[in-house]
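Inside the fold
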Amino acid sequence: MLEQLNGHDDPYPVYDQIRAQGALTRDGGLWATTSHSLVNKILRDRRFGVRYANGTYPGTPNVVSGSFLELDPPDHTRLRRLATPAFSPKKIDEYRARVEKVADALLDQAGDEFDLITDYAAPLPIAVISELLGIPDADTGDFANYGRLVAQSFDGHFSPDIDRANERIFALFERLIAERRARPGDDVISSLVAAEAEQKLTVPELLSTLVLLLIAGFETTVNLIGNGVRALLDHPKQWAFFKAYPDVAGAVVEETLRWAPPVHLTTRLAHEQITLLDKDIRADDGVYLLIAAANRDPEVYPEPDRFDLMRVQKPEHLAFSSGIHYCLGATLARMEGEVAFRAVARRLPDLRQAGPAGHRDSVVIRGMVSYPVSRS
Ligand code: HEM
């Protein structure tokens, strides 16, 4: 399935071919679904998990394999609960003014021609998650490269650079953990360090939670911002409407997440024999949940291929997944997206594409690595 999707900058025609085979199809020994209701149902069905029924991890482990993203209950529940307070809507709202400042500063620094990804869409979420985690003097370029290496590993591509990059990031977190043990602060690392002292999680779990929060915090949001600005510039009427009413920034976020989501797919494994739509899924069978295809399910969204800010977003798109793994950072990502889009509409009304976009070479996380733009 991944092979079939590889090498396509535009995977939607492939999704349509898979959709034509029915709501639940089998391809090369793996199940796949493009149906919004079925993706949602499987994500909420506790008979499916992210590991095999015996708890082992499928495939080659990557750096976040030990984190709660890749764990089933009860470990998932225990670790997610420890990280949740840092992402409460109240906490996130307190960050809004600071995110606005970062967005304005980045646009102040950008020249007449700049790269929307490397100069704006990437540094913004990196600055935000670094501050939230209490990482001083974060090296934006270094983190962005690291994020890309980790994202590639989700596709099963392991660059030879990944081990060195992992070592550097673990060394950084080990140093910060030691500092917070000596001088606790009011940040996520301090609260997780306190939990570790109370034996609520182990040191390896602490490290993998921090790596997950760091990577999940920017590797996806960069694509929300990049994909959204590109969608606006490619749809002049929608762009004009947004500039006239910048308060519809929330609709830009939701329609971008539906129409061009950063995460295109996830997988689940059956923990027992399950019959769905008259098909027998055996224990330990894997199911590809094609989130991006489900977000364009014609049974749910009229004219699904149209980017339309006025669209009624019901039911909610699946860009943040569903069920127990529903994105912990959804409120933060939505706020960052709103701030980023509004700043562009207010400050760069004549923005236009100034060169060819460079696409990520990835099947799971979709977006651009470069997008040259001009202010006039
Ligand atoms: C537009 C931006 C974002 C998108 C599209 C996104 C998407 C997702 C998706 C699809 C999942 C679930 C994957 C699955 O079910 O297998 C997820 C989980 C997660 N996300 Fe996000 N995410 C975004 C931003 C963020 C941010 C800013 C954070 C902040 C740290 C974050 C933290 C997490 C965490 C911790 C999980 C694991 C949740 C769990 O396993 O219980 N995400 N995200």
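Fair warning: this is a prediction, and the values are worked out from it, not measured in the lab.

Our focus in this paragraph is the overall build of the protein. Along its length, the protein carries 16 helices and 12 strands. Against the globule reference of 21 Å for 376 residues, the protein gives a C-alpha radius of gyration of 20 Å, in line with a compact fold. In terms of its C-alpha atoms, the protein occupies a principal-axis envelope of roughly 60 × 55 × 40 Å. For the protein, contacts bridging at least 24 residues in sequence account for 70% of all contacts bridging at least 6.

As a structural note, the neighbourhood of the ligand is formed by 28 residues, with His-76, Thr-266, Ser-321, His-325 and Cys-327 the closest of them. The separation between an oxygen atom of the ligand and a polar side-chain atom of Arg-80 is 2.7 Å. A distance of 3.5 Å separates an oxygen atom of the ligand from a polar atom in the backbone of Ile-324. Sorting the residues of the shell around the ligand by element identifies helix H4 (75-83), helix H11 (203-219), helix H12 (221-234), strand S5 (266-270) and helix H16 (330-347) as the ones contributing at least two each. Of the residues forming the shell around the ligand, the biggest block, 4 residues, is contributed by H11. Here the residues of the shell around the ligand are counted per class, giving 18 nonpolar, 8 polar and 2 charged.

It is worth spelling out the nonpolar core at this point. Within the largest apolar cluster, 91 residues are counted, with the highest numbers of intra-cluster contacts made by Tyr-120, Leu-133, Phe-173, Leu-214, Phe-242, Leu-351 and Tyr-371. Per-element tally for this core: the top contributor is H16, with 10 residues. Apart from residues lying up to four places away in sequence, Leu-133 is in contact with Phe-173, Arg-180, Asp-187, Val-188, Ile-189, Leu-210, Leu-213 and Leu-214. Counting residues in each nonpolar core, the second largest holds 16 residues, with Leu-38, Val-39, Leu-276 and Leu-289 among its members.

What follows deals with the sheet that holds strand S4 (residues 113-115). Read across the sheet, 3 strands follow the order S4-S12-S9 without closing on themselves; strand pairing throughout is antiparallel. Two strands lie at the open edges of the sheet, namely S4 and strand S9 (352-353), each paired on one side alone. Looking at chain direction, S4 and strand S12 (residues 372-374) are connected through 3 bridges and run antiparallel. Note on S12: the bridge partner recorded for Glu-113 is Ser-374.

Moving on, we get to the packing of aromatic side chains. Tallying each qualifying case throughout the model produces 6 aromatic pairs. Relative to Tyr-15, the ring of Tyr-12 lies with its centre 5.4 Å away and its plane at 85 degrees, an arrangement referred to as edge-to-face. Of this pair, Tyr-12 and Tyr-15 both sit in helix H2 (residues 12-20), 3 residues apart, roughly one helical turn. Residue classification places Tyr-12 among the buried positions, given a relative accessible area of 13%. Looking at Arg-258, its charged tip hangs above the ring of Tyr-301, at a distance of 5.2 Å from the centre.

Quick notes on the rules
- Residues numbered from 1 in each chain as written.
- Predicted model: local features only at pLDDT ≥ 70, side-chain atom pairs only at ≥ 80, totals over all residues.
- Heavy atoms only, no water.
- Helix = DSSP H or I, 4+ residues; strand = E, 2+ residues; numbered from the N terminus.
- Rg over C-alpha atoms; globule rule 2.2 N^0.38 Å.
- Contact = heavy atoms within 4.5 Å.
- Near = heavy atom within 4 Å.
- Polar contact = N/O pair within 3.5 Å; in protein donor to acceptor, adjacent residues only side chain to side chain.
- Nonpolar A, V, L, I, M, F, W, Y, C, P; charged D, E, K, R; others polar.
- Core = buried A, V, L, I, M, F, W, Y, C linked by side-chain atoms within 4.5 Å.
- Buried < 20%, exposed > 50% of the residue type's maximum accessible area, 1.4 Å probe, protein only.
- Pairing = 2+ DSSP bridges.
- Phe/Tyr/Trp six-rings, centres within 6.5 Å; stacked < 30°, edge-to-face > 60°.
- Lys NZ or Arg CZ within 6 Å of the ring centre and 35° of its normal.

Any functional reading would require information beyond the geometric quantities listed.
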